[in-house]
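Report on the structure
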Amino acid sequence: MSTIKERTLKELENKVNDLENFISKKGIGSSYLSRAEKIQRNFNIGLFVGGVAIVGGVLAYALLKDDEDDE
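In this text, all values refer to a predicted model and were calculated from it rather than measured experimentally. Counting restarts for each chain, with residues numbered from 1 along the sequence as it is written. It should be noted that, the model being predicted, local features are given only for residues of pLDDT at least 70 and side-chain atom pairs only at 80 or more, the latter also being counted only at that level, while totals for whole chains, interfaces and linings use all residues. With hydrogens and water excluded, all non-hydrogen atoms of the structure serve as input to the side-chain values.

**Description of the overall build of the protein**
- Segments assigned H or I by DSSP are reported as helices when at least four residues long, segments assigned E as strands when at least two residues long, and all are numbered from the N terminus. Scanning the protein for helices and strands turns up two helices and zero strands.
- Put simply, the radius of gyration uses C-alpha atoms, and a globule should come to 2.2 Å times the residue count raised to 0.38. Here the C-alpha radius of gyration of the protein, 26 Å, is well above what a compact globule of 71 residues would show, namely 11 Å.
- Per-residue and other accessible areas follow the Shrake-Rupley method at a 1.4 Å probe size, with only the shown protein chains counted as cover for residues. Accessible surface, the protein as shown: approximately 6,900 Å² in total, 63% of it carbon and sulfur.
- Think of it this way: Lys and Arg go in the positive column, Asp and Glu in the negative one, and His and the chain ends go nowhere. Charge coordinates come from a single atom per side chain, which is NZ of Lys, CZ of Arg, CG of Asp or CD of Glu. On the protein, the mean spot of the 10 positive side-chain charges and the mean spot of the 12 negative ones are 22 Å from each other.

**Things to note about the UniProt feature "transmembrane region" (unreviewed entry) in the protein**
- UniProt positions are given in the numbering used here, feature names are shortened, and annotations may be inferred rather than shown by experiment. According to UniProt, the "transmembrane region" (unreviewed entry) feature falls on residues 43–64.
- Spanning residues 43–64, this segment combines 100% helix with 0% strand, and its end C-alpha atoms are found 31 Å apart.

**Some points on the environment of Asp 66**
- Note that Asp 66 resides in helix H2 (residues 30–70).
- What makes Asp 66 partly exposed here is its relative accessible area of 45%. Between buried and exposed lies partly exposed: a residue is buried under 20% and exposed over 50% of the maximum accessible area for its type, with that area taken using a 1.4 Å probe on protein chains only.

**With respect to a nonpolar patch on the surface**
- Each patch is built from residues that are more than 30% exposed by relative accessible area and take part in no salt bridge. Like charges join if they lie within 9 Å; nonpolar side chains (Val, Leu, Ile, Met, Phe, Trp, Tyr) join within 5 Å. Each reported salt bridge corresponds to a side-chain nitrogen of Lys or Arg within 4 Å of a carboxyl oxygen of Asp or Glu. A cluster of nonpolar residues, Ile 45, Phe 48, Val 49 and Val 52, forms a patch on the protein surface that exposes about 400 Å² of accessible area.
- For Ile 45, the location among the structural elements is in helix H2.

**Focus on the environment of Ala 60**
- Along the chain, Ala 60 falls in helix H2.
- Take Ala 60: its relative accessible area is 36%, and that puts it in the partly exposed class.
- On a C-alpha basis, the gap between Ala 60 and Leu 47 in space is 20 Å, while along the polypeptide they are 13 residues apart.

What follows is the structure, given as structure tokens:
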């Protein structure tokens, strides 16, 4: 069983989290933060796609080079 103190602490933590979420959504600079998150997400996607393209290119080059050496 949880004590009154534990329940009070959990309730206060929930209220603080709700307040922090409200401030992050409606507070000063929230639009800049959301833009920065989108830019970071797009940058990470670009890095991943670029990395996959480089690995695929190196792999294709290695496979094709071996075929040319056999002739």
